[in-house]
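Listed below are the residues making up each chain.
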Number of protein chains: 2
Amino acid sequence: MGVAAILPVTKPDPGQRTAPDALSALVEMLQADLEATNRTIVARMDSPVALIPQLAAHIVAAGGKRLRPLLTLAAARLCGYEAAEARHVKLAACVEFIHTATLLHDDVVDESLLRRGLASANAVFGNKASVLVGDFLFARAFQLMVEDGSLRVLDILCRASATIAEGEVLQLVIQNDLDAGEAKYLEVIRGKTAALFEAACHVGAVVAARPEAEERGLAEYGLNLGIAFQLVDDALDYAADQATLGKTVGDDFREGKITLPVLRAWAAGDAAERAFWQRTVGELEQTDADLAEAMRLMERHGAIAATLVRAREFAAEAKRALAVFPASPMRALLMDVADYTVSRAR
Amino acid sequence: MGVAAILPVTKPDPGQRTAPDALSALVEMLQADLEATNRTIVARMDSPVALIPQLAAHIVAAGGKRLRPLLTLAAARLCGYEAAEARHVKLAACVEFIHTATLLHDDVVDESLLRRGLASANAVFGNKASVLVGDFLFARAFQLMVEDGSLRVLDILCRASATIAEGEVLQLVIQNDLDAGEAKYLEVIRGKTAALFEAACHVGAVVAARPEAEERGLAEYGLNLGIAFQLVDDALDYAADQATLGKTVGDDFREGKITLPVLRAWAAGDAAERAFWQRTVGELEQTDADLAEAMRLMERHGAIAATLVRAREFAAEAKRALAVFPASPMRALLMDVADYTVSRAR
């Protein structure tokens, strides 16, 4: 069952972009910037140690959506940044490097079989290489920031990097813990996902040297967008078909990851259901039939729908944060991107 | 057999410090700075996510020699740095964080059973936590540098971090490759070990705002010291007894790591010996008796002694690099530290 079946999000008004087109429209509007960013990415992930660009290319050049660097580019343009030195391009590349480093380290962690529809770098090259090339990309990101020369930018992205690691560690700590609670779960996704969305938008405003209120508006947009994005991702893990999502359904379930759909189904479950969750997610004792049963229980209690309701709330919050900017095509597009995040699976 | 048996390094002149005392003397001379550094380390590795300080403490507070931060402190003092703001203390903590992050990531990589005489963090907490807490410490190190506010310092330590990762990846690439050659091996240890020694010394000179020649002298001292240090480490892996070294003898052998003792024994070996090395290191097909045989072959060809000769050459180079400084107790001590690195196992 695709999420689109559950998610009554886009009632396409005539003449209005449907949400899934928003990302394409953003790519189109930022085409030149994005191409420059891709060139910077390819040029700067090079190393005399050939395995580094080989492995990095496996993820970086695998044609991800480039959502995070697009946010940096869009934020800078929304703030009217037009300088010839194109600092936003360099910083967009930084953001993608940091994202790629976390993906590589996440591959070690998650043993995901499929990422973006490809065998994970980990599966092909092994744990060691994933950790070390991740470290290289992380260091290279900071080198790019040092070249850029802004201590404010460095501060924002260093802080985000520490927060990402904290979120990932917290996720590890609450793994298999069905009593972790929604507050802890939100803290995890704020860290592991939303912190980089927030920083990506924030640094775009910083290069444009805009007033504090605009910086804050963009940072809040990114933060809330990131939370919405992760909520949808966590819903998709129990709902999407593999072809659509480009990753295996049920990864989170098999790892005993505590996500909102699980927490909602657990909270609403009777004694027998709780025993099921305790065995499968709490103790990771699973049979082949368990994922289907988990999805059936989630359906019964509306756990996926409830997760998507929360996602839409955060997406709405993201859009509200842009009110500090006057109406413009870029602002409209960023608002559409927020809608896109909550309707991306068809 | 301890390395001391092979290594005729310290002919204790009456009235002169023996080399192993050099590190103790350095600790004593920098006692106040080192305590301040330890306080900074403990304060700044804290996080609301309790597992982070827990796991970090397992390595950071496990009482390593603190050689790298000591180098930063010593370099700053050698350059006459006395400022009340004590930037060298903060940067020494950075250097230790970066070192600890690489140790944590190395635990994932190396599956070492013992590090500094303790079960590795990896063995206790698992791969995931080691990767993620390493990431946190790495990010935290950069946050400390941003607080310090010097783009030159950031540049030096970012560059070093990228070089460390390159060295580690190259080590992975030449693993099991007996034909890798000494040049590649030296490139590996320059990256994975010496780059941080170099940067640790370099930033000490930078905070003191000394002329280029003194910065360069200290950077060269650190680089050559680091190479000597790693050469000795690689020799010890085939020579030290476990109690002395605090790690398992034969780790490198069991991993098929290409180090100078192996390359020398391989180069000098006859057909039967080469078949032995090809099987054990090249293809990692090992029996319990193989380590002893490896050590016997190294002994036959003087491979350990030859490695230590190279180490002493680099240590001598390190000492020469300090000639740019006038004689002083700190300079004498740093020279003794170079001797210490090549005589540290008893």
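Throughout this description, residue numbers start from 1 for each chain and increase along the sequence as written. Written order determines the labels here, with chains lettered from A and ligands numbered from 1. Selection of residues for local features in this predicted model requires a pLDDT of at least 70, selection of side-chain atom pairs for listing and counting requires 80 or more, and totals for whole chains, interfaces and linings are taken over all residues. Heavy atoms from the whole structure form the basis of all side-chain values; hydrogens and water molecules are not counted.

> Mind showing me how you'd approach the overall build of chain A here?
Along the backbone of chain A there are 18 helices and two strands. With a 1.4 Å probe rolled over the protein chains alone, any residue whose accessible area is under 20% of its type maximum counts as buried; one over 50% counts as exposed, and the rest are partly exposed. Per-residue burial for chain A yields a buried fraction of 61% across its 346 residues. By definition in these notes, contact holds between two residues if any of their heavy atoms fall within 4.5 Å. The long-range fraction of contacts in chain A, counting pairs at least 24 apart against all pairs at least 6 apart in sequence, stands at 76%. Calculation of accessible area relied on Shrake-Rupley with a 1.4 Å probe; when residues are assessed, cover is drawn exclusively from the protein chains displayed. A total of about 12600 Å² of accessible surface is found on chain A, and carbon and sulfur atoms cover 52% of it. Helix and strand definitions here come from DSSP, where helices need a minimum of 4 consecutive H or I residues and strands a minimum of 2 consecutive E residues; each element is numbered from the N-terminal end.

> It is not clear to me how the interface of chain A and chain B should be interpreted in this structure. Could you clarify?
Interface size is commonly expressed as the accessible area that is lost once the parts come together. Taken residue by residue, the interface counts 37 residues in chain A and 37 residues in chain B. By buried area we mean how much accessible surface two parts lose on assembly, using a 1.4 Å probe and totalling the loss over both. A combined buried area of about 3500 Å² lies between chain A and chain B, and 79% of that area is made up of carbon and sulfur atoms. In terms of surface lost to chain B, no three residues of chain A exceed Lys128, Leu132 and Glu166 of chain A, which account for 17% of the buried area on that side. Take a side-chain nitrogen of Lys or Arg and a carboxyl oxygen of Asp or Glu: if they are within 4 Å of each other, that pair is a salt bridge. Connecting chain A to chain B are zero salt bridges. Pairs of N or O atoms within 3.5 Å make up the polar contacts considered here, provided that, within protein, one atom can donate a hydrogen while the other can accept it, and that residues adjacent in sequence are counted only when both atoms are side-chain atoms. At the junction of chain A and chain B, the tally comes to four residue pairs in polar contact (both at pLDDT 80 or more).

> How should the packing of aromatic side chains be read in this particular structure?
Each pair of aromatic rings is reported with the distance of its centres and the angle of its planes. When the centres of two rings from Phe, Tyr and Trp lie within 6.5 Å, Trp using its six-membered ring, the rings pair. Their planes under 30 degrees apart give stacked, over 60 give edge-to-face, and anything left gives tilted. Under the criterion given, the structure shown has 14 aromatic pairs over all chains. Between the aromatic rings of Phe138 of chain A and Phe138 of chain B, the centroid separation amounts to 5.1 Å while the plane-to-plane angle is 45°, which identifies the pairing as tilted. Of this pair, Phe138 of chain A sits in helix 8 (residues 127-148) while Phe138 of chain B sits in helix 7 (residues 127-148), which puts the two residues in different chains. Judged by relative accessible area, Phe138 of chain A falls into the buried class, the value being 7%. Between Phe138 of chain B and Phe142 of chain B, the ring centres sit 5.0 Å apart and the planes meet at 90°, which makes this aromatic pair edge-to-face. Here Phe138 of chain B pairs with Phe142 of chain B, and both are found in helix 7, just four residues apart, close to one helical turn. Across the pair, exposure class does not vary: Phe138 of chain B and Phe142 of chain B are buried alike. Each residue in the set Phe138 and Phe142 of chain A together with Phe138 and Phe142 of chain B is aromatic and connected to the rest through ring pairs, giving one cluster. The ring of Trp266 of chain A is capped by Arg274 of chain A, whose NZ or CZ atom sits 4.2 Å from the centre of that ring. Only Lys NZ and Arg CZ are tested; either one counts as a charge over a ring when it is within 6 Å of the ring centre and within 35 degrees of the ring normal.

> When you look at the relation of the copies chain A and chain B in this model, what are you seeing that I'm missing?
One chain copy maps onto the other through a rotation about an axis and a shift parallel to that axis. When the copies are superposed, the least-squares fit takes in the C-alpha atoms of residues with a pLDDT of at least 70 in both. Here chain A sits on chain B after a turn of 180° about the axis and a move of 0.0 Å along it, with an RMSD of 0.0 Å. In symmetry terms, the pair is related by a two-fold rotation axis.

> Any chance you could explain helix 15 (residues 290-300) of chain B here in plain terms?
Residues lying three or four places apart along an α-helix face the same way, a consequence of the helix completing one turn every 3.6 residues. Residue and element names in this part refer to chain B. Within the sequence span of helix 15, burial applies to Asp290, Leu291, Ala294, Leu297 and Met298. All buried residues of helix 15 lie within an arc of 120° about the axis, which places them on one face of the element. In helix 15, those exposed residues whose orientation departs by more than 90 degrees from the buried face are Ala292 and Glu299. Contacts made by the buried residues of helix 15 are with helix 12 (251-255), helix 13 (260-268), helix 14 (271-282) and helix 16 (303-321). At the exit of helix 15 stands Gly302, carrying a positive phi of roughly 60°. When we speak of the arc, we mean the arc of directions from the helix axis to the C-beta atoms.

> Help me out: how do you make sense of unusual backbone geometry in this one?
Glycine aside, residues mostly have negative phi, and peptide bonds are mostly found in the trans state. All names here are of chain A. Positive phi values are uncommon outside glycine, yet Arg66 reaches one of about 55°. Exposure remark for Arg66: the relative accessible area of 12% places this residue in the buried category. Backbone geometry places Ala86, a non-glycine residue, at a positive phi of 50°. Tracing the sequence through the fold places Ala86 in the loop between helix 5 (67-78) and helix 6 (87-110).

> Whenever I open this one, the pattern of salt bridges confuses me. Can you help?
Oppositely charged side chains are able to pair whenever their charged atoms sit close together. All names here are of chain A. Throughout the structure, instances matching the rule amount to 40 salt bridges over all chains. Ionic pairing is found between Glu214 and Arg210, a salt bridge with its closest N-O pair at 2.8 Å. Relative accessible area serves as the criterion here: at 11%, Glu214 is assigned to the buried category. Put simply, Arg216 and Glu212 hold a salt bridge, and the shortest N to O gap is 3.5 Å. Of this pair, Arg216 and Glu212 both sit in helix 11 (residues 212-236), four residues apart, which is roughly one turn of the helix. For Glu212, a relative accessible area of 47% corresponds to the partly exposed category. A network of salt bridges, in which partner residues are shared, links Asp33, Arg77 and Glu82.

> Before we go on, may I ask you to explain the environment of Val203 of chain B in this structure?
Residue and element names in this part refer to chain B. Position of Val203 among the secondary structure elements: in helix 9 (residues 182-207). Judged by relative accessible area, Val203 falls into the buried class, the value being 0%. Remark: the alpha-carbon pair of Val203 and Val262, spanning 59 residues in sequence, is separated by 34 Å.

> Would you explain the confidence of the model for chain A in this entry?
Low pLDDT marks regions whose predicted coordinates should not be analysed in detail. Residues and elements named next belong to chain A. Within chain A, residue pLDDT values average 87, and 85% of them lie at 70 or more. By definition, pLDDT measures how confident the predictor is in each residue, and it falls between 0 and 100. The element-level mean pLDDT for chain A is lowest in helix 1 (residues 3-6), coming to 30, with helix 10 (residues 182-207) highest at 98. Within the model, pLDDT remains below 50 along residues 1-16, and this stretch shows 24 contacts once partners closer than five positions in the same chain are excluded. Both confidence scores are given for the complex: pTM 0.89, ipTM 0.89.

> How should I be thinking about the environment of Asp106 of chain A in this particular structure?
Relative to the helices and strands, Asp106 of chain A resides in helix 6. Separated by 76 residues in the primary sequence, Asp106 of chain A and Glu182 of chain A place their C-alpha atoms 22 Å from one another.

> Would you mind going over the side chain of Glu166 of chain A with me for this structure?
For Glu166 of chain A, the position within the fold is in helix 9 (residues 151-173). Not counting residues within four places of it along the chain, the set of residues in contact with Glu166 of chain A comprises Ser47, Pro48, Val49, Ile52 and Phe136 of chain B.

> Is there a simple way to explain helix 14 of chain B in this structure?
All names here are of chain B. Taking 1.5 Å as the rise per residue, helix 14 with 12 residues should run 16 Å; its terminal C-alpha atoms sit only 14 Å apart, a clear shortfall. Glu273, Phe276, Trp277, Thr280, Val281 and Gly282 are the residues of helix 14 that are buried. Following helix 14 by one or two positions, Leu284 adopts a phi angle in the positive range, close to 55°. By this rule, a helix spans an expected 1.5 Å times one less than how many residues it contains.

> I would appreciate a short explanation of the packing of helix 15 (residues 271-282) of chain A against helix 16 (residues 290-301) of chain A in the present structure.
The packing of two helices is summarised by the inter-axis angle and the distance between the axes. Residues and elements named next belong to chain A. Every axis in this analysis is a line fitted to C-alpha atoms, fitted for helices over the stretch in contact. Angles between the N-to-C directions lie between 0 and 180 degrees. Their axes nearest at 11 Å, the elements helix 15 and helix 16 cross at an angle of 135°. It follows from the interaxial angle that helix 15 and helix 16 lie oblique. Two packed elements cross with a definite hand, and for helix 15 against helix 16 that hand is left-handed. Of helix 16, the residues touching helix 15 (which contributes Glu273, Phe276, Trp277, Arg279 and Thr280) are Asp290, Glu293, Ala294, Leu297, Met298, Arg300 and His301. Working definition: roughly parallel below 35 degrees, roughly antiparallel above 145 degrees, roughly perpendicular at 65 to 115 degrees, and oblique for all remaining angles. Here is the rule for handedness: rotate from the far helix to the near one, and if that takes an anticlockwise turn smaller than a right angle the crossing is left-handed, while a clockwise turn gives right-handed.

> Is there a simple way to explain the packing of helix 11 of chain A against helix 17 (residues 303-321) of chain A in this structure?
All names here are of chain A. At their nearest, the axes of helix 11 and helix 17 sit 8 Å apart, and the two run at 165° to each other. Here helix 11 is positioned roughly antiparallel relative to helix 17, judged by the angle of their axes. Where helix 11 crosses over helix 17, the two elements pack in a sense that is left-handed. Two secondary-structure elements touch here, helix 11 through Gly217, Glu220, Tyr221, Asn224, Leu225, Ile227, Ala228, Leu231, Val232 and Ala235 and helix 17 through Ile304, Thr307, Leu308, Arg310, Ala311, Phe314, Ala315, Glu317, Ala318, Lys319 and Ala321. Of the residues that constitute the contact of helix 11 with helix 17, the class distribution is 14 nonpolar, three polar and four charged. Under the scheme applied, nonpolar residues are Ala, Val, Leu, Ile, Met, Phe, Trp, Tyr, Cys and Pro; charged residues are Asp, Glu, Lys and Arg; polar residues are all the others, including Gly.

> I keep staring at the environment of Asp288 of chain A and nothing clicks. Help me out?
All names here are of chain A. Turning to its location among the elements, Asp288 is positioned in the loop between helix 15 and helix 16. On the basis of relative accessible area, Asp288 is assigned to the exposed category, the value being 82%. Residues Asp288 and Leu78, spaced 210 residues apart in sequence, show a C-alpha to C-alpha distance of 49 Å.

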